[in-house]
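Structural features, examined
Okay, here's what each chain looks like letter by letter:
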Amino acid sequence: MTNNVLNDATAQVKKLRRSRSDKMLAGVCGGAAKMIGVDAAILRIILVAATLLGFGTGAILYVAAWILMPEEEPAV
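Predicted model, so just to flag it, every value in this text is computed and none were measured.

Things to note about the packing of aromatic side chains
This model, assessed by the stated rule, comprises 1 aromatic pair. When the ring of Y62 is compared with that of W66, the centres are 6.3 Å apart and the planes differ by 70°; the resulting orientation is edge-to-face. Remark: W66 and Y62 occur in helix α4 (residues 57-68); sequence separation between them is 4 residues, near one turn of the helix.

In C-alpha cells, the structure reads:
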C-alpha cells in the first residue's frame, strides 16, 4: 500500500523543464509557465521588464536557467 501512495505522489509532482513546443529562444519561460499554470507571454513580459529595469538581471537569470534547466522529454 505504501508503494502505491508513493507512486501516486511521484506521478503528480510537476517538474521544471524547458519546453520543446512553447519556446521563443530556449523554452525557459514556456517551461516555467507550464509548471506554474500561467501564459508564457506573461512570464516573458516580466522577464523583459526585469532585464530593462534591473540592469540586465533578467537576461542573466534567463541564461542561467537555460544552462541549468533540462529540456523536457520528447513526446512519444
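Examining the UniProt feature "domain: Phage shock protein PspC N-terminal" (unreviewed entry) in the chain
UniProt records the feature "domain: Phage shock protein PspC N-terminal" (unreviewed entry) at residues 14-72, using the numbering of this structure. Secondary structure content for residues 14-72 is 59% helix and 0% strand, and the end C-alpha separation is 12 Å.

Considering the pattern of salt bridges
Taken as a whole and judged by the stated rule, the model has 5 salt bridges. Residue R20 pairs with E71 through a salt bridge whose shortest N-O separation is 3.6 Å. One end of the pair, R20, is in the loop between α1 (2-12) and α2 (28-36); the other, E71, is in the segment after α4, and 51 residues separate them in sequence. A salt bridge links D22 to R44, with the nearest nitrogen and oxygen atoms 3.3 Å apart. Placement of D22 in the loop between α1 and α2 and of R44 in helix α3 (residues 40-53) is noted, with a sequence separation of 22 residues between them.

Quick notes on the rules
Residues numbered from 1 in each chain as written. Predicted model: local features only at pLDDT ≥ 70, side-chain atom pairs only at ≥ 80, totals over all residues. Heavy atoms only, no water. Phe/Tyr/Trp six-rings, centres within 6.5 Å; stacked < 30°, edge-to-face > 60°. Helix = DSSP H or I, 4+ residues; strand = E, 2+ residues; numbered from the N terminus. UniProt positions renumbered as here; feature names shortened; annotations may be inferred. Salt bridge = Lys/Arg side-chain N within 4 Å of Asp/Glu carboxyl O.

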